[in-house]
Amino acid sequence: MVQGSLPLHWRKYPERYRLEGNKNTETGEEFFPARVVDPKGGRKAKLIPKEMPREGKILSWTEVFVGPLGFEYETPYFLAIIELSNKVRLLTQIVDSEKGKVKIGTKVKKVFRKIADEHHEAAIAYGYKFKVI
């Protein structure tokens, strides 16, 4: 984790802990991460907080063998584009799943995991990841 990023982590609690995005009250369209402005409705659209579904399916995935700084000791691991049941898509790590079960179309569910613990204030960052059902 980058030094000085602890305040950023705390601000992202609803997003990381509850998978909270938002929803346009008129159109019903949902967004994750939460948007400040609806791309179609503009600033006049009323957006309210909305917890995203906890299940979805894999649209695309890859196995990472050489991880970036901070993740180099966690390789190999899987990254996937997940489509939640409300059609919202997100990039996430797939954990606790055998390689043979990580396939396009496979159903997944949200789990809560440690993301990082290498902060100068000894804070441990937690957040969402997904696993094969």
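Conventions used here
Residues numbered from 1 in each chain as written. Predicted model: local features only at pLDDT ≥ 70, side-chain atom pairs only at ≥ 80, totals over all residues. Heavy atoms only, no water. Helix = DSSP H or I, 4+ residues; strand = E, 2+ residues; numbered from the N terminus. Buried < 20%, exposed > 50% of the residue type's maximum accessible area, 1.4 Å probe, protein only. Contact = heavy atoms within 4.5 Å. Polar contact = N/O pair within 3.5 Å; in protein donor to acceptor, adjacent residues only side chain to side chain. Core = buried A, V, L, I, M, F, W, Y, C linked by side-chain atoms within 4.5 Å. Phe/Tyr/Trp six-rings, centres within 6.5 Å; stacked < 30°, edge-to-face > 60°. pLDDT = per-residue confidence, 0-100. Patch = residues over 30% accessible without salt bridge, like charges linked within 9 Å, V, L, I, M, F, W, Y side chains within 5 Å. Areas by Shrake-Rupley, 256 points an atom, 1.4 Å probe, with all protein chains shown as cover. Salt bridge = Lys/Arg side-chain N within 4 Å of Asp/Glu carboxyl O. Pairing = 2+ DSSP bridges.

(A) Fine view of the environment of Arg113. Topologically, Arg113 is positioned in strand S7 (residues 107–116). We classify Arg113 as partly exposed; its relative accessible area is 27%. Dropping the residues within four chain positions of it, Arg113 is found in contact with Val95, Asp96, Ala125, Tyr126, Gly127 and Lys129. Polar side-chain contacts of Arg113 include one of 2.2 Å to the side chain of Asp96.

(B) The nonpolar core, seen in detail. Within the largest apolar cluster, 16 residues are counted, with the highest numbers of intra-cluster contacts made by Leu19, Ile82, Leu84, Ile94 and Phe130. Residue assignment for this core shows that the elements contributing at least two residues are strand S5 (77–84), strand S6 (89–94) and strand S8 (125–132). Every residue in contact with Ile82, bar those within four places of it in the chain, is listed here: Gly56, Lys57, Ile58, Val88, Arg89, Leu90, Thr92, Ile94, Val108 and Phe130.

(C) Highlighting the packing of aromatic side chains. A complete count under the given rule lists three aromatic pairs for this structure. When the ring of Phe32 is compared with that of Tyr128, the centres are 5.8 Å apart and the planes differ by 75°; the resulting orientation is edge-to-face. Residue Phe32 is found in the loop between strand S2 (30–31) and strand S3 (47–51), and its partner Tyr128 is found in strand S8; the two are separated by 96 residues along the sequence. Overall, Tyr128 belongs to the buried group, its relative accessible area being 15%. Aromatic ring contacts, followed pair by pair, group Phe32, Tyr128 and Phe130 into a single cluster.

(D) Structural context of the confidence of the model for the protein. For the protein, per-residue confidence averages 87 on the pLDDT scale, and 83% of positions sit at 70 or higher. Ranking the helices and strands of the protein by mean pLDDT puts strand S4 (residues 55–64) first, with 98, and helix H1 (residues 6–11) last, with 50.

(E) Representation of a nonpolar patch on the surface in the model. A contiguous nonpolar patch, built from Phe112, Ile124 and Tyr126 and spanning about 260 Å² of accessible area, is present on the exposed surface. Mapped onto the elements of the fold, Phe112 is located in strand S7. Owing to a relative accessible area of 41%, Phe112 belongs among the partly exposed residues under this scheme.

(F) Region of interest: the pattern of salt bridges. For the structure on display, the rule yields nine salt bridges. Ionic pairing is found between Glu51 and Arg54, a salt bridge with its closest N-O pair at 2.8 Å. Judged by its relative accessible area of 34%, Glu51 falls in the partly exposed class. Lys57 is the salt-bridge partner of Glu83, the closest N and O atoms lying 4.0 Å from each other. With a gap of 26 residues between them, Glu83 in strand S5 and Lys57 in strand S4 connect regions that are remote in the sequence. Judged by its relative accessible area of 34%, Lys57 is partly exposed. Through salt bridges that share partners, Lys57, Glu83, Lys87 and Arg89 make up one connected network.

(G) Region of interest: the sheet that holds strand S1 (residues 20–24). Ordered by their spatial adjacency, three strands build an open sheet running S2-S1-S3, and the pairing between neighbours is antiparallel. The sheet is open, and its two borders are formed by S2 and S3, each paired with just one other strand. One ladder, built from two bridges, connects S1 with S2; its direction is antiparallel. Counted as the bridge partner of Asn22 is Phe31 from S2.

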